[in-house]
Amino acid sequence: MARTPSVGGNWKMNTDRTTGPALARDLAPAAAANPGCEVAVFVPFPYLLAVGEALGHGSSPRGTRVRLGAQDCYFAPDGAYTGEVSIHMLKDCGVSVVLTGHSERRHVLGETDQLVNAKTRAVLDADLECVLCIGETLDQRQAGRTDAVNEARLRAGLAGVTAEQMAHVTIAYEPVWAIGTGKVATPADAQTAHARCRAVLAEMFDSAVADATRIIYGGSMKPTNAAELLAEPDIDGGLIGGASLKAADFLAIVEAAGEQT
Ligand code: 13P
């Protein structure tokens, strides 16, 4: 089935009060010119409101196609959780899509599959879109455990999620060894991993859910390698780190994804 490609810019802990909104202003019109691709930016918490405004959210709800995304959330609705940000707060700032389980949160900040699952379910229960990130480390790949790790991440991350809720889930396959390293998975390796993830989704839900769910690739995707990755049948877009911080590079990837439709 035809899946609309999706490209997200994960700004990570980059940009500031000036450069974040400026980048958003550069992206909005060009993204609107590529209707074949859904576009989101995942913005540091302090700049969500300013970036939302720069994207035209609020003033002209239908005037922009770039969705405002958050890089993380906490699953509890409110309470004594110093430093955390609730999904209600994110919604209040105009966020419509949230990343869960990014490898930097798993491997730098120690998030477990259980916590990732609680966040994923809370995002979906709040009627927001969720991008669940999975991917193997270099050690795991070299030990031949790529498929087993990704299957475990999918099964744990999506535990308790219904088939109906899967309409609001995108999977981001981000091999940890390719993130920020300049090492990109070959299109064939990425395709193999994506196809395997789709087969796991078919086992967990059914083939209709598996066919409809977007599985996007992340890990050193840039304008020079995007088209060949995106040409693979099971690669439905990208989650872009470094290259999303330059409007021209990010938009070149958006364009490459739009051309696949
Ligand atoms: P890079 O594109 O910088 O490798 O980052 C990928 C990523 O982690 C996106 O979430």
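This structure is a prediction, so every number in the text was calculated from the model and none was measured.

Asker: Even after reading the chapter, I still don't get the side chain of Gln-71, so can you show me in this structure?
Answerer: Tracing the backbone shows Gln-71 in the loop between β3 (66-70) and α3 (87-92). For Gln-71, the side chain forms a polar contact with the main-chain oxygen of Phe-42, separated by 3.0 Å.

Asker: Sorry, what's going on with the pattern of salt bridges here?
Answerer: Pairs can form between side chains of opposite charge once their charged atoms are near each other. Using the criterion set out here, one finds 18 salt bridges in the structure. Ionic pairing is found between Arg-198 and Asp-236, a salt bridge with its closest N-O pair at 2.8 Å. Remark: Asp-236 occurs in the loop between α10 (223-230) and β8 (237-240) and Arg-198 occurs in helix α8 (residues 187-204); sequence separation between them is 38 residues. Judged on exposure class, the residue Arg-198 and its partner Asp-236 are both buried. Taken together, the salt bridges that share partners define one network made up of Arg-3, Arg-198, Asp-234 and Asp-236.

Asker: Sorry if this is basic, but what is going on with the nonpolar core here?
Answerer: Generally speaking, soluble globular proteins have nonpolar side chains that are buried together. Among the nonpolar cores identified, the biggest contains 68 residues, and Val-51, Leu-158, Ile-171, Leu-201 and Tyr-217 are the most heavily contacted of them. If one sorts the elements of this core by residue count, helix α11 (residues 247-258) sits on top with 7 residues. In contact with Tyr-217, not counting residues within four places along its chain, are Tyr-173, Pro-175, Ala-178, Val-184, Ala-185, Ala-190, His-194, Leu-229, Ile-235, Gly-237, Gly-238 and Leu-239. Of all hydrophobic cores here, the second largest spans 9 residues; its members include Val-97, Leu-99, Val-131 and Leu-239.

Asker: What am I meant to see in helix α5 (residues 113-125) here?
Answerer: Between its terminal C-alpha atoms α5 stretches 18 Å, which fits the 18 Å expected from 13 residues at 1.5 Å a residue. Those residues of α5 that sit buried are Asp-113, Val-116, Asn-117, Lys-119, Thr-120, Ala-122, Val-123 and Leu-124. Immediately beyond the C-terminal end of α5, within one or two residues, lies Asp-127, with a positive phi of roughly 65°.

Calculation notes
Residues numbered from 1 in each chain as written. Predicted model: local features only at pLDDT ≥ 70, side-chain atom pairs only at ≥ 80, totals over all residues. Heavy atoms only, no water. Helix = DSSP H or I, 4+ residues; strand = E, 2+ residues; numbered from the N terminus. Polar contact = N/O pair within 3.5 Å; in protein donor to acceptor, adjacent residues only side chain to side chain. Salt bridge = Lys/Arg side-chain N within 4 Å of Asp/Glu carboxyl O. Buried < 20%, exposed > 50% of the residue type's maximum accessible area, 1.4 Å probe, protein only. Core = buried A, V, L, I, M, F, W, Y, C linked by side-chain atoms within 4.5 Å. Contact = heavy atoms within 4.5 Å. Expected span 1.5 Å × (residues − 1).

The analysis is restricted to geometry; functional conclusions fall outside its scope.
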